[in-house]
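Below, each chain spelled out in residue letters.
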Amino acid sequence: MVAVVAVLTRDGRHEVAPRPVDVARASPAEATAALSAFVAGVRARDAAALASLAPAGRPASEDLLAGIAANAASLDLRAVTARYVDQVGVVGDDGSWSGVAEVTWRLGGLEVQAARTDVAVTFAPDADGLGIVGFGTAAAPATRVPLWLRGRLAVSRAPGVLVMVDGDRDVAEAFVDRAVRGVDVVRRVLARFRGPVVVEVPATAADLDASLGVPPGTYSGIAAVTASAGSTAEDDAPTHVFVNPEVTAGLRRAGAQVVMTHELVHVATDAVRSPVEPWLREGFADYVALRDTRLPDRTALGRAIEAARRDGVPKALPTAADLNTRAADLQARYEEAWLACRVIAERLGERKLLEVYRAARRGVSSAWSLQRAGLAPDTLIRAWQARLRRYVS
């Protein structure tokens with residue numbers, strides 16, 4: 001489109017000249033209407049209605065939106081809302097643009113509280129107004145792309161367990177079996193744990209980062225993480241296990257099971273919202289996951305032994321920085337945390353270890369709890385170091 005402007009020439013005459021201008025604008029009203037139609041389609045599980053929201057000539061968007069209708073049915077999505085918040089970035093030459101919407105949803109039959117997060121939505125002009133192209137944009141890296149918004153998923157269930165996979169149904173069923181076995185292992189120590197358990201398996205590590213709204217590469221080396229399903233972590237907000245398929249694909253069956261059980265300990269103890277010191281949180285989860293395995297100690301501590309041989313036996317238990325997802329020798333630090341919990345259980349008994357952990361969930365320092373239980377923190381560290389030296393030598 002062009003605008004008409006008046007030009008004053010040197011002889012004083014006015015002439016009319018065209019000037020190209022960018023008149024494309026983001027329309028919050030049209031975005032709100034598109035999101036309202038989207039929510040209606042999700043609630044009705046209407047694939048045709050959702051596919052019709054794709055701009056003309058975008059078959060990939062049609063497939064994506066139709067797949068979301070299937071997800072709404074297989075996941076029994078409830079309490080779905082999408083409220084337009086603001087524009088992100090600029091309007092493209094083709095009139096497409098992105099905006100942020102606050103989205104809520106709940107898994108029927110499993111969750112009481114809805115998850116809530118900001119999601120980037122890409123819109124494009126259509127004959128009927130504004131169409132929906134897809135979800136997620138590099139212009140809004142802090143937003144999340146919930147897995148159910150990525151197109152049709154494979155979904156599998158067991159009592160109290162739901163797994164959603166951006167992939168094959170066989171993969172979903174394998175993860176369900178793994179979760180069911182993990183629940184049984186967790187209950188041997190935490191007998192009251194009943195779930196629910198929700199596991200999300202994106203297609204790639206990059207998709208995992210996008211699902212969690214974190215910078216690319218944050219979880220590239222992590223097998224799985226337990227986190228709030230949305231951006232908020234209220235007391236009753238749902239917590240899910242998110243799996244990195246690129247890491248777990250390289251694990252043996254026993255290793256993959258330990259990873260799942262470890263994360264389920266975090267679910268059972270509400271670790272996302274608990275002030276437990278990182279070494280105790282991660283060490284306890286591994287203690288439960290490895291408790292009944294036949295894995296030799298030298299194997300379970302393989303990375304820790306290598307690190308100790310190279311750098312010497314650590315002088316202190318792993319810190320929060322040591323257990324950061326991008327920290328060096330991360331696996332070694334996890335193994336060291338497990339060994340500390342193992343030493344506590346051997347010195348005080350498993351029941352006392354559990355008491356120390358429960359006290360930490362209430363905000364009580366582990367040092368105070370250990371001292372009260374009869375194991376001074378300095379004694380723990382010396383015993384922990386001695387055990388590592390035994391394997392290093």
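Relevant structure appears above.
Now for a description of the structure that goes with this document. (Residues numbered from 1 in each chain as written. Predicted model: local features only at pLDDT ≥ 70, side-chain atom pairs only at ≥ 80, totals over all residues. Heavy atoms only, no water.)

**A few points about the sheet that holds strand β11 (residues 239-243)**
Then step 1. Ordered in space as β7-β8-β9-β11-β10, the five strands form an open sheet in which the pairing is mixed. Two strands close off the open sheet at either side, each with one partner strand: β7 (154-158) and β10 (224-228). Between one strand axis and the next, the sheet turns through 20° on average, direction left out of account.
Then step 2. Bridge count between strand β9 (residues 197-201) and β11: two bridges; the pairing is parallel. Among the inter-strand pairings, Glu200 is bridged to a residue of β11, identified as Phe242.
Then step 3. Running at roughly 30° to β7, helix α4 (residues 169-187) makes contact with β7, β8 (161-165), β9 and β11 of the sheet. (Pairing = 2+ DSSP bridges. Helix = DSSP H or I, 4+ residues; strand = E, 2+ residues; numbered from the N terminus. Axes fitted to C-alpha atoms, helices over the stretch in contact; angles between N-to-C directions. Contact = heavy atoms within 4.5 Å.)

**What to know about the packing of aromatic side chains**
Then step 1. Applying the stated criterion across every chain, the model contains five aromatic pairs.
Then step 2. A centroid spacing of 5.5 Å and a plane angle of 50° characterise the contact between Phe38 and Phe135, whose relative ring orientation is tilted. One end of the pair, Phe38, is in helix α1 (residues 28-44); the other, Phe135, is in strand β6 (residues 129-135), and 97 residues separate them in sequence. Judged on exposure class, the residue Phe38 and its partner Phe135 are both buried. (Phe/Tyr/Trp six-rings, centres within 6.5 Å; stacked < 30°, edge-to-face > 60°. Buried < 20%, exposed > 50% of the residue type's maximum accessible area, 1.4 Å probe, protein only.)

**Concerning the pattern of salt bridges**
Then step 1. Tallying each qualifying case throughout the model produces 20 salt bridges.
Then step 2. One salt bridge connects Glu346 with Arg387, and the closest N-O pair in it is separated by 2.4 Å. Placement of Glu346 in helix α11 (residues 330-348) and of Arg387 in helix α14 (residues 377-392) is noted, with a sequence separation of 41 residues between them.
Then step 3. A relative accessible area of 41% means that Glu346 is categorised as partly exposed. (Salt bridge = Lys/Arg side-chain N within 4 Å of Asp/Glu carboxyl O.)

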